[in-house]
Amino acid sequence: MADTALDLDSLLKTLEAGQAKQSAQNQQREADFIARQSEQAALLSQTRARREEMISNSQRLEGQFEQNEIELANATELLSKRMGSLKELFGVLQQVSGDTKNKFATSIVSAELPGRGEFMDQLAQKMGSSSKLASIEDIETVWYELQREMTEQGKVKHFTTDVIVSGGDKVKQDVVRVGAFNLISNGKYLEYNAFTDTLSELSRQPVARYLTSAANLQNADSGFVDFALDPTGGSILGLLVQAPDTSEQVHQGGTVGYVILAVGLIGLLISIERFIALFIIGGKMRRQLKSDVIREDNPLGRVMKVKEQFPHVAYDTLELKLSEAILREMPKITRNLTFIKIISVVAPLLGLLGTVTGMINTFQAITLFGTGDPKLMAGGISQALVTTVLGLVVAIPTVFLYTILNTRSKNLLLILQEQSAGIIAERSEKGA
């Protein structure tokens, strides 16, 4: 109990000593604040004086600003009165400069004469500012550039510049500019990119007859040369090169298209073989008609040989023997003609099959993607109709070939029948 009492007393004394020390510190702080109160009052007075000075300065500047606004309005009104009709002229000049800048940006003449649009842009910005006026030199420059653009549109000129070829390399080449319509180099059409100010070969060139005209124009020194000109400055040419060529259209036919072409090729080969065979047979038969010696290297000779093989039979029996001989020759003369006829019938049916399957695929695509893109429908229908075209391309000439070959074979058989009838008539006369 004695030890506990002593600890509490010690704690109490410690607290009393700390409280006394804290009180002394607070008194010292209060004394310091009172001592600096006069200094704080002086700072407050200085700040108020500065605020009053800034308010006075602000009022003075506001008055000066209002006076400047009045003077500026008077000066602007005076400027407008002095400009008179020139103000309208400068407005038109600003509009013309802006329009001409856009025209120069898309004109292929800029490929030969670069940098013309920069002056027009600066002049348009200058005319948009109310504090700047155009000089006589500026107006004359606008007139000169417009006149030069019109003049260059009627010229065919050669110039040398960098061209981006198909491999992506930049090569310096001789370029021919046909007015403001087309650019060609090395017999190929070029495309002008106004954003990068570069010339590049079209990724896809038009068909050969257009490229031939381009090459002829580039190689010509004088005179008149036929040239495929695009009056739209490249729009029609861009659409033209996007159109698929013949080989691409054939590939659009797909598997059915390849089958049609294969069948057509087979029919063509058979027709060629029949033409050659019938030509040779017809030649031999014509020689046999002119000769009294019977040869067995042709159908007519083999038919006439029957008369010698059966010299004493009655004419009716001889007629049967001749008919038999003609029937033996008929397969050699009419061989494979039926197959050609079948091809002429099957080819358009295969084309119709390809068209139907293509239309099914098109409608399936419409079901999946909707009808928002007309190009999707048009492209699918176009591809579907390619097989119909291929079928007709094969069938039409095949019909003509079959008709010609069938007519020629019938003529040869008619000669055999005619000679056979003559032999029977001769035997009949002898029997009578």
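All values reported here derive from a predicted model rather than from experimental measurement.

### Looking at the overall build of the protein
Across its full length, the protein carries 12 helices and five strands. Along the first, second and third principal axes, the C-alpha set of the protein runs to 175 × 105 × 40 Å. Relative to its full complement of 432 residues, the protein shows a buried share of 28%. Across the protein, the fraction of contacts at a sequence separation of at least 24, relative to all contacts at a separation of at least 6, is 62%. Counting every atom, the protein has about 28,600 Å² of accessible surface; 59% of that belongs to carbon and sulfur.

### Details of the packing of helix 9 (residues 299-309) against helix 10 (residues 315-333)
It is the contact of helix 9 with helix 10, at a shortest axis distance of 9 Å, that shows an interaxial angle of 165°. Considering the angle they form, helix 9 stands roughly antiparallel to helix 10. Between helix 9 and helix 10 the crossing geometry is right-handed. Contact with helix 9, carried on its side by Pro299, Arg302, Val303, Val306 and Lys307, involves Leu318, Lys321, Leu322, Ala325, Ile326, Glu329, Lys332 and Ile333 of helix 10 and no other residues of that element. Along the lines of polarity and charge, the residues of the contact of helix 9 with helix 10 split into eight nonpolar, no polar and five charged.

### So, the environment of Ala347
In this structure, Ala347 sits in helix 11 (residues 337-369). In this structure, the C-alpha to C-alpha distance between Ala347 and Gly257, residues 90 residues apart in sequence, is 9.9 Å.

### Some points on the nonpolar core
Within soluble globular proteins, side chains that are nonpolar tend to cluster in buried spots. Formed by 23 residues in total, the largest nonpolar core has its most connected members in Met285, Val303, Leu322, Ile333, Ile340, Leu412 and Leu416. A total of seven residues in this core trace back to one element, the largest contributor, which is helix 12 (residues 374-431). Residues in contact with Met285, not counting those within four places in the same chain, are Asn298, Pro299, Leu300, Leu412, Ile415 and Leu416. By size, the runner-up hydrophobic cluster in this structure holds 10 residues, among which are Val256, Ile343, Leu350 and Leu390.

### Some remarks on the pattern of salt bridges
Taken as a whole and judged by the stated rule, the model has 16 salt bridges. Salt-bridge contacts for Lys305 lead to Glu308; the nearest nitrogen and oxygen are separated by 3.5 Å. Of this pair, Lys305 and Glu308 both sit in helix 9, three residues apart, which is roughly one turn of the helix. Judged by relative accessible area, Glu308 falls into the partly exposed class, the value being 44%. A single salt-bridge network, built from bridges that share partners, covers Glu112, Glu152, Lys155, Lys157 and Arg177.

### Quick notes on the environment of Gly179
Within the fold, Gly179 resides in the loop between strand 2 (170-178) and strand 3 (182-185). With 70 residues separating them along the chain, Gly179 and Val109 place their C-alpha atoms 7.5 Å apart. Discounting chain neighbours no more than four positions away, the residues touching Gly179 are Ile108, Val109, Glu152, Gln153 and Lys155.

### Description of the pairing of strand 3
Residues Asn182 and Ile184 of strand 3 are buried on one face, and the alternating residues Leu183 and Ser185, pointing to the opposite face, are buried as well. Count of turn residues in the strand 2/strand 3 antiparallel hairpin: three residues, of which Gly179 carries a positive phi of about 55°. In this structure, the hairpin formed by strand 3 and strand 4 (residues 188-193) is closed by a connection of two residues, where Asn186 is found at a positive phi of approximately 55°.

So, how was this worked out
- The numbering scheme is per chain: residues are counted from 1 as the chain's sequence reads.
- Under the rules for a predicted model, residues below a pLDDT of 70 receive no local features and side-chain atom pairs below 80 are neither given nor counted, while totals for whole chains, interfaces and linings still include all residues.
- As a rule here, side-chain values come from all non-hydrogen atoms in the structure, and water together with hydrogens is ignored.
- Elements are defined by DSSP. Helices are runs of H or I of four residues or more, strands are runs of E of two residues or more, and each kind is numbered from the N terminus.
- The buried label goes to any residue with under 20% of its type's maximum accessible area, the exposed label to any with over 50%, and the partly exposed label to all in between, with areas taken from a 1.4 Å probe on protein chains only.
- Whether two residues are in contact is decided by their heavy atoms, any of which lying within 4.5 Å being enough.
- All accessibility values rest on the Shrake-Rupley procedure with a 1.4 Å probe; residue burial counts only the protein chains present in the view.
- Between N-to-C directions, angles span 0 to 180 degrees; the directions come from axes that are lines fitted to C-alpha atoms, helices contributing only their stretch in contact.
- Angular relationships are summarised with four words: roughly parallel below 35 degrees, roughly antiparallel beyond 145, roughly perpendicular across 65 to 115, and oblique for the angles in between.
- Whether a crossing is left-handed or right-handed is set by the direction in which the near helix is turned from the far one by less than a right angle, anticlockwise for left-handed and clockwise for right-handed.
- Gly is put with the polar residues, along with every residue not named as nonpolar or charged; the nonpolar set is Ala, Val, Leu, Ile, Met, Phe, Trp, Tyr, Cys and Pro, and the charged set is Asp, Glu, Lys and Arg.
- In this description, a nonpolar core means a group of buried Ala, Val, Leu, Ile, Met, Phe, Trp, Tyr and Cys residues linked to one another through side-chain atoms lying within 4.5 Å.
- A pairing counts as a salt bridge when a side-chain nitrogen of Lys or Arg comes within 4 Å of a carboxyl oxygen of Asp or Glu.
- By this definition, two strands are paired if DSSP reports at least two bridges between them.

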